[in-house]
There are 2 protein chains.
Amino acid sequence: MTPPIRVIPNAAQRATSLLRTIQYTHPPSCPCHSNPGYHQSPPTGIIPRLQGAGQRRFATPGSNADLQEYAFEMAASAIRFGPGVTKEVGMDFKNMGAKRVCVVTDSTVDKLDAMRQVREGLTREGINFDVYSEVRVEPKDTSIKAAIDWARPYKPDAFLAVGGGSVIDTAKLMNLYTAYPDADFLDFVNAPLGKGLPVDKPLKPLIAVPTTAGTGSETTGTAIFDLVSKRAKTGVAHRNLKPTLGICDPINTRTMPAAVKASSGLDVLCHSLESWTAIPYHQRTPRPSNPILRPAYQGANPISDIFSFHALRSTVKYLPRSVRDPDDFEAQSEMLLAATLAGVGFGNAGVHLCHGMSYPISGQNPGYQHAGYDVPSPLIPHGVSVAVSAPAVFRFTAHSNPERHLAAAEAFGVDISNVKKESAGEVLAEALIKFLADLGDQPKGLKDLGFTNDHIEDLVEGTIPQARVLMLAPGLSKELEHEKDQLRRLFEDAMTH
Amino acid sequence: MTPPIRVIPNAAQRATSLLRTIQYTHPPSCPCHSNPGYHQSPPTGIIPRLQGAGQRRFATPGSNADLQEYAFEMAASAIRFGPGVTKEVGMDFKNMGAKRVCVVTDSTVDKLDAMRQVREGLTREGINFDVYSEVRVEPKDTSIKAAIDWARPYKPDAFLAVGGGSVIDTAKLMNLYTAYPDADFLDFVNAPLGKGLPVDKPLKPLIAVPTTAGTGSETTGTAIFDLVSKRAKTGVAHRNLKPTLGICDPINTRTMPAAVKASSGLDVLCHSLESWTAIPYHQRTPRPSNPILRPAYQGANPISDIFSFHALRSTVKYLPRSVRDPDDFEAQSEMLLAATLAGVGFGNAGVHLCHGMSYPISGQNPGYQHAGYDVPSPLIPHGVSVAVSAPAVFRFTAHSNPERHLAAAEAFGVDISNVKKESAGEVLAEALIKFLADLGDQPKGLKDLGFTNDHIEDLVEGTIPQARVLMLAPGLSKELEHEKDQLRRLFEDAMTH
């Protein structure tokens with residue numbers, strides 16, 4: 001029995017393994033494809049499609065034994081969902097024996113009914129708590145460090161995050177760095193910008209109460225922020241960061257302005273589309289030598305597929321209704337659920353190019369101010385920065401697994417019965433362009449955000465550090481100059497829809 | 001703000017609430033129905049069906065505020081899935097800092113490759129462990145107590161279960177009762193047979209390695225056994241009982257004989273069908289006064305629906321292949337995944353009549369010995385005892401939500417486009433009868449197991465204590481004599497398919 005411990009294979013091992021791949025894979029798969037085994041046509045109908053129908057869903061025992069991943073993992077926070085459920089949170093902390101809770105929010109959410117419910121619920125149960133309401137929207141390492149500095153002397157025995165993704169992500173990092181008081185900030189930050197160390201012990205309980213239907217951060221082990229010194233968006237990602245419980249109360253998302261509903265919903269759309277089309281987990285290399293090193297962003301797998309595709313269908317159906325009608329409580333509830341389901345999906349599969357490219361797009365904003373966002377400085381909301389490149393991205397990725405892209409187009413209501421595989425990318429791109437246009441107030445490409453071709457080199461350079469998500473992009477070269485060239489063309493294509 | 005704390009409403013409150021239900025629900029719903037809001041026709045296509053299309057999926061804010069449930073919760077063990085993944089288990093215990101592991105198995109599994117992998121994996125990482133291999137198939141309270149007595153003095157800091165549902169369930173109870181050394185055995189046992197106390201603290205880590213594709217116990221907080229003194233099957237059910245991690249290695253299920261594959265798979269089939277058709281969570285009463293009292297068996301909900309329906313489709317497709325061909329590794333892998341997905345589904349929704357009726361069926365076995373099971377005394381395997389009543393059960397439950405039963409029939413490949421709602425039960429029953437007959441070696445009703453009409457009163461009396469699952473049965477009366485009469489007719493109908 002060979003233990004799965006391995007080191008980076010040397011060139012000879014790689015070549016042997018490659019030969020083995022070609023020799024033993026049936027039907028013969030070309031290793032130039034990023035995504036072999038994803039090529040066969042499934043029958044119509046969503047469940048048969050999810051089940052693969054000839055498409056390889058599982059690793060084969062013994063194949064590529066020492067090179068490729070052979071397992072996938074699924075972990076998600078417990079979720080409680082219901083209108084009014086926020087008021088139970090005091091009882092939850094009491095049930096877990098927490099006596100001193102660090103409540104994390106931002107100055108806007110602090111004034112909303114969600115925070116009133118939280119204060120009343122904690123007070124009713126006699127839980128001591130203190131509120132940190134200085135969370136910055138689109139957090140920077142400096143704002144995160146300030147939050148950690150606040151939390152450390154408070155010595156909480158549990159955390160409660162009430163807000164959008166920025167708040168929940170900040171709370172995760174406060175929890176992490178209070179548990180590792182001697183850690184350097186970069187120790188846990190994703191490689192290559194940080195050291196990417198695994199979180200090797202359980203953290204304090206964290207309950208997350210989302211007030212937007214977008215990030216799905218209430219179910220994931222991911223926390224994203226701007227690393228100012230490197231001028232890059234990065235983060236920390238490990239399963240142990242995930243909240244203990246996500247409390248999804250659709251009453252709390254009623255307060256989102258229409259523009260926030262739209263951009264949060266576009267984040268959900270891209271979470272589901274990117275995780276659905278990410279390379280399959282068994283194509284990821286290298287296989288981890290220890291399960292603690294298996295990334296949460298592990299590639300598409302049979303469980304994440306269920307969540308991602310379901311969330312995609314929901315978003316297509318309910319996001320337009322939710323944006324259009326502030327009284328459509330059903331659509332808002334469905335969008336909150338879709339955001340959470342997409343969170344489980346991408347939280348266990350990953351995202352790729354839309355997210356990888358979005359970080360320099362929002363970070364290098366030439367001065368665009370999105371309509372409906374009442375903020376003092378220029379802002380490209382996260383969901384907008386993600387969706388703006390989506391038509392170009394899926395036009396690019398479609399050739400590696402056209403069936404999945406056709407299934408996605410079908411989710412947008414496109415009749416795909418007579419569409420050729422070669423057109424899968426174009427058809428999905430068109431469906432996306434129409435969806436964005438119908439949603440309203442969305443940029444029709446990077447040009448509308450103020451970017452020109454002169455910005456492309458910087459955008460490419462800003463994307464390259466996103467190794468963790470780029471490695472999941474189907475069709476993207478692993479050779480740096482080729483990869484840059486592909487990204488250049490992607491940004492060019494994303495200039496106008 | 002009214003806190004959700006409540007006591008059992010008195011008659012006046014009940015009447016007012018009932019009036020409110022009738023007055024404010026749109027369309028007007030008759031409280032005599034167990035399942036209002038489940039009546040409208042969804043469009044064809046599985047995702048629209050899952051999404052309800054007019055069917056009420058969520059509680060409405062403020063409606064029935066003090067009577068009915070308004071939230072649902074979803075919790076599942078982390079799952080790792082892949083051929084060969086068993087050998088990682090030593091690293092997992094090392095990663096969590098465990099130094100003394102109680103390994104639980106049975107005498108058959110103890111000799112299989114799965115246990116060899118486990119011993120090697122633990123030894124390689126220098127983990128101390130001791131193996132308890134005396135687990136009884138279909139455990140009794142006496143066998144559970146013997147296992148607990150073994151575990152207590154060993155003082156493990158973690159548990160590892162390697163086997164089928166009996167092993168995993170026994171390990172859960174060893175974990176529970178070593179954490180509560182002063183508890184009476186009945187304290188946590190489901191009411192009304194036991195006190196049904198909530199498990200109010202976290203237990204030691206438990207990793208479960210299933211060797212059958214059936215119970216889904218690796219993802220649930222449920223443990224089932226025979227309570228000999230009461231001549232009833234019962235158990236303990238609480239989220240805190242669920243394993244930390246389920247390690248699903250399809251290599252481990254290869255060793256199942258065909259008969260075990262079939263009966264385990266029929267358990268999966270009924271888990272998915274029963275949780276899919278259980279009453280919706282928002283019809284369950286009373287709403288719990290504290291979230292710790294919200295049962296895991298909470299009724300069908302929008303997240304469990306996804307798992308249950310997906311598992312149903314998989315089982316219909318892959319169970320026959322898995323039973324027929326011992327070399328069909330794809331079908332076996334899919335069945336292991338389906339068992340786990342169904343576990344998440346019923347673990348967060350519940351089962352109802354097939355399971356409720358199965359306990360007296362297997363407990364009062366007149367002497368039936370199932371083909372292919374090499375055991376010394378008569379045995380009706382759990383999956384067989386569950387599936388034998390399924391045609392009668394779904395014929396009975398269909399009138400309360402015909403659309404869900406039609407969707408289930410469609411999952412069996414039935415063309416439902418011209419089927420009337422009134423025929424939903426009959427059509428699903430026929431699909432089930434054909435499925436069982438095609439699978440082979442299955443009893444064609446209770447008569448084939450040796451039951452006659454003279455046994456019916458005892459079977460009914462043995463079903464009544466299963467309050468926890470009966471409360472989720474759509475269409476079953478809450479009035480005892482009426483309920484008994486309905487059960488009598490169900491057992492009569494289950495005599496021959």
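Residues numbered from 1 in each chain as written. Chains lettered and ligands numbered in written order. Predicted model: local features only at pLDDT ≥ 70, side-chain atom pairs only at ≥ 80, totals over all residues. Heavy atoms only, no water.

Chain A carries the name hydroxyacid-oxoacid transhydrogenase in an unreviewed UniProt entry, which gives Stachybotrys elegans as its organism. UniProt, in the comment section headed Sequence similarities (unreviewed entry), describes chain A in these words: "Belongs to the iron-containing alcohol dehydrogenase family. Hydroxyacid-oxoacid transhydrogenase subfamily." Quoted verbatim from the Subcellular location (unreviewed entry) heading of the UniProt record, the comment on chain A is "Mitochondrion". (UniProt positions renumbered as here; feature names shortened; annotations may be inferred.)

(A) Structural view of the interface of chain A and chain B. Across the contact, 60 residues belong to chain A and 60 residues belong to chain B. Interface of chain A and chain B: buried area, both sides summed, is about 5,400 Å²; carbon and sulfur atoms make up 63% of it. A salt bridge links A:Arg80 to B:Glu73; the nearest nitrogen and oxygen atoms lie 2.7 Å apart. Inspection of the chain A/chain B interface yields 14 residue pairs in polar contact (both at pLDDT 80 or more). At the level of elements, helix H2 (46–50), strand E1 (72–74), strand E2 (78–81), helix H3 (89–95), helix H4 (113–124), helix H8 (302–324) and helix H9 (329–347) of chain A are the ones that each hand at least two residues to the side of chain A that touches chain B. Counting residues per element, the side of chain A that touches chain B draws most heavily on H8(A), which supplies nine residues. Residues that form the side of chain A that touches chain B fall into these classes: 33 nonpolar, 13 polar and 14 charged. (Contact = heavy atoms within 4.5 Å. Buried area = accessible area lost by both parts, 1.4 Å probe. Salt bridge = Lys/Arg side-chain N within 4 Å of Asp/Glu carboxyl O. Polar contact = N/O pair within 3.5 Å; in protein donor to acceptor, adjacent residues only side chain to side chain. Helix = DSSP H or I, 4+ residues; strand = E, 2+ residues; numbered from the N terminus. Nonpolar A, V, L, I, M, F, W, Y, C, P; charged D, E, K, R; others polar.)

(B) Looking closely at the sheet that holds strand E5 (residues 158–163) of chain B. Pairing within the open sheet is mixed, and its seven strands lie in the order E1(A)-E2(B)-E9(B)-E6(B)-E5(B)-E3(B)-E4(B). The two strands at the open ends of the sheet, each matched to only one other strand, are E1 of chain A together with strand E4 (128–132) of chain B. In this sheet, neighbouring strand axes are inclined to one another by 20 degrees on average, regardless of whether the strands run parallel or antiparallel. Sheet topology note: the E1(A)/strand E2 (residues 78–81) of chain B ladder contains three bridges and is antiparallel. Following the sheet pairing, A:Phe72 is matched in E2(B) by B:Phe81. Contacts from helix H6 (residues 165–179) of chain B reach strand E3 (100–104), E4, E5 and strand E6 (206–210) of chain B within the one sheet, and its direction differs from that of E5(B) by about 165 degrees. (Pairing = 2+ DSSP bridges. Axes fitted to C-alpha atoms, helices over the stretch in contact; angles between N-to-C directions.)

(C) Layout of the relation of the copies chain A and chain B. With an axial shift of 0.0 Å and an RMSD of 0.0 Å, the rotation relating chain A to chain B amounts to 180 degrees. Such a combination of rotation and displacement between the chain copies is what one expects of a two-fold axis. (Least-squares fit on C-alpha atoms with pLDDT ≥ 70 in both.)

(D) Region of interest: the domain arrangement of chain A. Residue and element names in this part refer to chain A. Taken domain by domain, chain A holds domain 1 (33–73 + 260–493) and domain 2 (84–249). For domain 1 versus domain 2, the separation of C-alpha centres amounts to 26 Å. Each partner contributes to the interface: domain 1 provides 30 residues, whereas domain 2 provides 25 residues. Of the roughly 2,100 Å² buried at the junction of domain 1 and domain 2 (both faces included), carbon and sulfur atoms supply 60%. Summed over the three residues of domain 1 that lose the most area to domain 2, namely Ile 292, Leu 336 and Arg 468, the buried surface amounts to 26% of that side. Our enumeration of links across domain 1 and domain 2 arrives at one salt bridge. The closest approach of N and O atoms between Arg 239 and Glu 73, which form a salt bridge, is 4.0 Å. In this assembly, domain 1 and domain 2 are joined by five residue pairs in polar contact (both at pLDDT 80 or more). (Domains from an automatic or database assignment.)

(E) Summary view of the packing of helix H10 (residues 353–363) of chain A against helix H17 (residues 480–493) of chain A. All names here are of chain A. Two numbers describe how H10 lies on H17: the axes approach to 12 Å, and their chain directions differ by 75 degrees. Taken together, H10 and H17 sit at an angle that is classed as roughly perpendicular. Facing H10, whose interface residues are Leu 353, Met 357, Pro 360 and Ile 361, H17 presents Leu 487, Leu 490 and Phe 491. Split by residue class, the contact of H10 with H17 holds seven nonpolar, no polar and no charged. (Parallel < 35°, antiparallel > 145°, perpendicular 65-115°, else oblique.)

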